Amino acid sequence: MPLIIMCGYPCSGKTRRTEELKAHFEETTDRQVHIVGDRALGVDRNSVYADSQKEKDTRASLKAEVERKVNKDNIVILDSLNYIKGYRYELFCLTKHAQTPHCLVHCLTSGEESSLWNKNREAAEQYSQDIFDALVQRFEAPDSRNRWDSPLFTVLKDDILPLEAVSDALFKRKAPPPNQSTQSQPLSSTNFLYELDKITQDVLMAIFNAQKTSVPGDLISVPGATEKVELTRTVNMAELRKLRRQFISYSKMHPTEKTGQIANMFVQYLNKGLH
């Protein structure tokens, strides 16, 4: 199912736009439309968004529900805040793995306008002012220059939703191919674990040594990889080792017989984890 990711401040009109999209696709196609969101999970907003662990668990539940429903046939709409760019990147990787298109609909409002809409809701539906203000402050606006935020449709409260353009983005655009770090790999060769350990350690040492003479923004070449590490800040060895351990754990579950791909896969993983 192609995936539509809604995005915006609290009380910015996401659910209203979700219903418009659902009605349009049910009227113009024979595809089923599935809505995944906070309301379907019965999320207590003021409880969840006041507790970072509860919020993390809720995001994981939403992502798991999307993953269960997404395929190449019907349509999934994720109606939630989706305000963290790293989470939107995870959703993008999910669609790449499923080889189905996605797009982002950003309901753009001012904080003042959304706050007024929040206060006009029934008491049980309102965010507390503290929670509302914190979510607005933490919001990471989408940027169409990022592949995970594109195609991006930005709509103001009085705009007519560009339904045909959204439809074209989902059904007339080729699905992104899965890259090496999102595809499950075949069974390993006998020396896979040795190569995995050695190659990732060599990459770490190359990054650590390169930082002595580089500045944030430089592209760092590492042994065995055609892709380069993109560092926007100085990274200490403890953080690099943590990412290496995570990558090794993932790679043991998804080994590859092509050990020559390990360095590029690790660079892809680092570039995602360090941004």
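Structural data are supplied above this passage.
Note that the structure is a prediction, hence the values are computed from the model and not measured.

What counts, and at which threshold
What you see as residue numbers is a count from 1 along each chain, following the sequence as written. Local features in this predicted model are restricted to residues whose pLDDT is 70 or higher, and side-chain atom pairs enter the listing and the counts only when it is 80 or higher, whereas totals over whole chains, interfaces and linings include all residues. Side-chain metrics rest on all non-hydrogen atoms present in the structure, leaving aside hydrogens and water. Between 30 and 60 degrees the pair is tilted, below 30 it is stacked and above 60 it is edge-to-face, where a pair is any two Phe, Tyr or Trp rings, Trp via its six-membered ring, whose centres lie within 6.5 Å. Numbering of helices and strands runs from the N terminus, with a helix taken as a DSSP run of H or I at least four residues long and a strand as a DSSP run of E at least two residues long. Summary of the burial criterion: residues with accessible area below 20% of their type's maximum are buried, those above 50% are exposed, and those between are partly exposed, where the area comes from a 1.4 Å probe applied to protein chains only. Whether two residues touch is decided by their heavy atoms; if any such pair falls within 4.5 Å, the residues are in contact. The term polar contact refers here to a pair of N or O atoms within 3.5 Å; inside protein, the definition further demands a hydrogen-donor-capable atom paired with an acceptor-capable atom, and it admits residues adjacent in sequence only when both atoms are side-chain atoms. One speaks of a salt bridge when a side-chain nitrogen belonging to Lys or Arg is within 4 Å of a carboxyl oxygen belonging to Asp or Glu. A fitted line through C-alpha atoms represents every axis, and for helices the fit uses only the stretch in contact; the resulting angles, taken between N-to-C directions, go from 0 to 180 degrees. Working definition: roughly parallel below 35 degrees, roughly antiparallel above 145 degrees, roughly perpendicular at 65 to 115 degrees, and oblique for all remaining angles. Note: crossing handedness is left-handed where the near helix turns anticlockwise from the far helix by less than a right angle, and right-handed where it turns clockwise. In this description, one arc is meant: the one made by directions from the helix axis to the C-beta atoms.

Student: Please clarify how the packing of aromatic side chains should be interpreted in this entry.
Tutor: What characterises a pair of aromatic rings is the spacing of the ring centres plus the angle enclosed by the ring planes. The tally for this structure, following the rule as stated, stands at 7 aromatic pairs. Taking the centre distance of 5.9 Å and the plane angle of 85° together, the rings of F25 and F171 count as edge-to-face. Taken together, the positions of F25 in helix α1 (residues 14-28) and F171 in helix α8 (residues 163-171) put the pair 146 residues apart, joining distant regions of the chain. Residue classification places F171 among the partly exposed positions, given a relative accessible area of 27%. Ring centres of Y49 and Y127 lie 6.4 Å apart, and the angle between their planes is 40°; on these two criteria the pair is classed as tilted. Here the residue Y49 occupies a position in the loop between α3 (45-48) and α4 (52-69), and Y127 occupies one in the loop between α6 (111-119) and α7 (129-138), the gap between them amounting to 78 residues.

Student: Could you clarify how one ought to interpret the environment of K157 in this entry?
Tutor: Here K157 shows up in the loop between β5 (152-155) and α8. Residue classification places K157 among the partly exposed positions, given a relative accessible area of 35%. Through-space distance from the C-alpha of K157 to that of K14 is 9.9 Å; in sequence the pair is 143 residues apart. With residues up to four places along the chain from it excluded, the contact list for K157 reads R16, R17, L108, E113 and W117. There is a polar contact of 3.2 Å between the side chain of K157 and the side chain of E113.

Student: Hey, could you run me through the pattern of salt bridges in this one?
Tutor: Oppositely charged side chains can pair when the atoms bearing their charge come close. Here the structure, examined in full by the defined rule, presents 15 salt bridges. When the shortest N-O distance is used, the salt bridge between K22 and E26 registers 2.8 Å. Here E26 and K22 lie together in helix α1, a separation of 4 residues that amounts to about one turn. The exposure class of K22 is partly exposed, given its relative accessible area of 21%. Residues D197 and R244 are paired through a salt bridge, measuring 2.8 Å at the closest nitrogen-oxygen approach. With D197 in helix α9 (residues 192-210) and R244 in helix α10 (residues 237-253), this pair connects stretches of sequence that are 47 residues apart. Given a relative accessible area of 42%, D197 falls into the partly exposed group. Put simply, R16, R17 and E20 are held in one network by salt bridges that share partners.

Student: Looking at this structure, I do not really get the side chain of E55. What am I missing?
Tutor: You can see E55 is positioned in helix α4. Those residues in contact with E55 that sit more than four places away from it in its chain are V48, Y49, Y83 and R138.

Student: How do you make sense of the packing of α1 against α8 when you look at a structure like this?
Tutor: Between two packed helices, what matters for the description is the angle formed by their axes and the separation of those axes. In contact at an axis separation of 11 Å, α1 and α8 are set at 70° when each is read in the N-to-C sense. Taken together, the axis directions place α1 and α8 in an arrangement best described as roughly perpendicular. In this structure, α1 crosses over α8, and the sense of that crossing is right-handed. Touching E20, L21, H24 and F25 of α1 are L163, E164, V166, S167, L170 and F171, all from α8.

Student: I would appreciate a short explanation of α6 in the present structure.
Tutor: Helical periodicity: at 3.6 residues per turn, an α-helix aligns residues three or four positions apart in one direction. Residues S114, S115 and N118 constitute the buried set of α6. The arc that holds the buried residues of α6, viewed along the axis, is 105°, so those residues lie on one side. Exposed positions of α6 whose direction lies more than 90 degrees from the buried face are E112 and K119. Taken together, the buried residues of α6 touch α7.

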